[in-house]
Amino acid sequence: QKEVEQDPGPLSVPEGAIVSLNCTYSNSAFQYFMWYRQYSRKGPELLMYTYSSGNKEDGRFTAQVDKSSKYISLFIRDSQPSDSATYLCAILGLRGGSEKLVFGKGMKLTVNP
Amino acid sequence: DVKVTQSSRYLVKRTGEKVFLECVQDMDHENMFWYRQDPGLGLRLIYFSYDVKMKEKGDIPEGYSVSREKKERFSLILESASTNQTSMYLCASRGRGYEQYFGPGTRLTVT
């Protein structure tokens, strides 16, 4: 079983739709849960992070973590064409005594005007 | 703002050439990372460094080496480039927090 699984999509939605992006993970020792956004021809940039179960909101974005199910989600409300990008979940944990950030494969999102 | 720069955006090299990819960060970060990103495979860690002259292997170090002689600079070296090393290479740095800051990437083509 892979450490982090993410549906690679792609996903295409109309402007204004609610978008749900999801990842599952296998190692219960993982501690920090992040979402990175990567625009075309750019490096990823951190969008949100959380370290506990529950929801965290930042404007139109909500990150949700369910540690009991090892499931993380990113919701985008009122999606905009500018949200078109690849979204990568990333989970930080310990491996071999050192910290390691494990990325999902990324979901390409297109928001159509 | 943290800035991570990479020496080239696009690079074309021939099989067997020695290739150097340079990365510089301006935030005095201790940790630096090299990833490659491929369709369907996502981001995979090649090497990382947590201090000057220190390096650790990531998940796919074969065919690569690294050098960190100065804190702000982390170099990735392809000793003898092969076509299966055609990829997007991303450098990142991290300070005391958990966020990794990425450069814009170098798209390397080996022919």
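Now for a quick tour of the structure. (Residues numbered from 1 in each chain as written. Chains lettered and ligands numbered in written order. Predicted model: local features only at pLDDT ≥ 70, side-chain atom pairs only at ≥ 80, totals over all residues. Heavy atoms only, no water.)

### Comments concerning the state of the cysteines
Residues and elements named next belong to chain A. Per the stated rule, a full pass over the model turns up 2 disulfides over all chains. Between the sulfur atoms of Cys23 and its disulfide mate Cys89 the distance is 2.0 Å. Between Cys23 and Cys89 the sulfur-sulfur dihedral comes to about -100°; the bridge is accordingly left-handed. With Cys23 in strand E3 (residues 19-25) and Cys89 in strand E9 (residues 85-95), this residue pair connects regions lying 66 residues apart in the sequence. Cys89 shares its class with Cys23; the two are buried. (Disulfide = S-S within 2.5 Å. Helix = DSSP H or I, 4+ residues; strand = E, 2+ residues; numbered from the N terminus. Buried < 20%, exposed > 50% of the residue type's maximum accessible area, 1.4 Å probe, protein only.)

### Quick word on the sheet that holds strand E8 (residues 73-78) of chain B
Residue and element names in this part refer to chain B. Read across the sheet, 4 strands follow the order E1-E3-E8-E7 without closing on themselves; strand pairing throughout is antiparallel. The open sheet is flanked by strand E1 (4-6) and strand E7 (64-70), the only strands paired with a single partner. When strand polarity is set aside, the average angle formed by the axes of neighbouring strands in this sheet is 20°. Here E1 pairs with strand E3 (residues 19-25) via 3 bridges, running antiparallel. Bridge pairing links Gln6 to Cys23 in E3. (Pairing = 2+ DSSP bridges. Axes fitted to C-alpha atoms, helices over the stretch in contact; angles between N-to-C directions.)

### Describing the environment of A:Pro8
Residues and elements named next belong to chain A. Within the fold, Pro8 resides in the loop between strand E1 (4-6) and strand E2 (11-14). Judged by relative accessible area, which is 47%, Pro8 ranks as partly exposed. With residues near it in sequence (within four places) discarded, Pro8 still touches Gly106, Met107 and Lys108. (Contact = heavy atoms within 4.5 Å.)

Interpretation note: all reported values are geometric properties and have no functional meaning in isolation.
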